[in-house]
Amino acid sequence: SDRARWAADGAFRSFERWLDETVQLACSVAYIHPTTGKMLGGPSADPGHIVDIDDAAYRAWRGAWLKQILLAGARTAIVLNDILDASGAARLERRSGVSTRADEAKEERA
């Protein structure tokens, strides 16, 4: 899992791996029409070709992008959980020194 690999590899290796995976997705999915197989971008693409995105292509891309969005959310959670681990979360309990009117009103009621 990404969480286990994050713990084993650390942040920089994980970010590099995630970047490589994203580049691979772009090259193998995003820039290739899913039903015709034609390149949509890059040096192999036909610059005069008009791209027709039919329902089948839309469904294929939709599935791929939905999976990528969910993966991005899970990976964001891994990073944030690492940043806000128990020791980091404990620091959040300390006040920042900023006092709002709501804070002052709460203190007056106490």
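Here, every reference points to the structure presented above.
Our subject in this report is the structure included herewith. Note that the structure is a prediction, hence the values are computed from the model and not measured.

1. Some remarks on the overall build of the chain
Consideration 1: What the chain contains, in helices and strands, is 5 helices and 0 strands.
Consideration 2: Taking all 110 residues of the chain together, 16% fall into the buried category.
Consideration 3: Of the contacts formed within the chain by residues at least 6 apart in sequence, a portion of 40% connects residues at least 24 apart.
Consideration 4: Accessible surface for the chain amounts to roughly 8,700 Å². Of this, 58% is attributable to carbon and sulfur atoms.

2. A few points about the pattern of salt bridges
Consideration 1: Applying the stated criterion across every chain yields a total of 6 salt bridges.
Consideration 2: Arg17 is the salt-bridge partner of Asp9, the closest N and O atoms lying 3.0 Å from each other.
Consideration 3: In this structure, Glu21 and Arg17 form a salt bridge, with 4.0 Å as the shortest nitrogen-oxygen distance. With a gap of 4 residues between them, Glu21 and Arg17 both fall in helix 2 (residues 11-30), about one helical turn apart.

3. Details of the packing of aromatic side chains
Consideration 1: Counting across every chain of the model gives 3 aromatic pairs.
Consideration 2: On the numbers, 5.5 Å between centres and 75° between planes, the contact of Trp6 with Phe15 is edge-to-face.
Consideration 3: With a relative accessible area of 9%, Trp6 lands in the buried category.
Consideration 4: Measuring from ring centre to ring centre gives 5.6 Å for Trp6 and Trp18, while their planes differ by 20°; the resulting arrangement is stacked.

What counts, and where the lines are drawn
- Counting restarts for each chain: residues are numbered from 1 in the order of the written sequence.
- In keeping with the model being predicted, local features are shown solely for residues with a pLDDT of at least 70 and side-chain atom pairs are shown and tallied solely at 80 or more, while totals for entire chains, interfaces and linings include all residues.
- Here the side-chain values reflect all heavy atoms present in the structure, with hydrogen atoms and water set aside.
- To qualify as a helix, a DSSP run of H or I must reach at least 4 residues; to qualify as a strand, a run of E must reach at least 2; elements of each kind are numbered from the N terminus.
- Partly exposed describes any residue whose relative accessible area lies between the buried limit of under 20% and the exposed limit of over 50%, with all areas from a 1.4 Å probe on protein chains only and scaled to the type maximum.
- Any two residues having at least one pair of non-hydrogen atoms within 4.5 Å are treated as being in contact.
- Throughout, the Shrake-Rupley method with a 1.4 Å probe supplies accessible areas, and for residues the shown protein chains are the sole cover considered.
- A pair is scored as a salt bridge if a Lys or Arg side-chain nitrogen falls within 4 Å of a carboxyl oxygen belonging to Asp or Glu.
- Whether two aromatic rings pair depends on their centres lying within 6.5 Å, for rings of Phe, Tyr and Trp, where Trp uses its six-membered ring; planes under 30 degrees apart make the pair stacked, over 60 edge-to-face, and the rest tilted.

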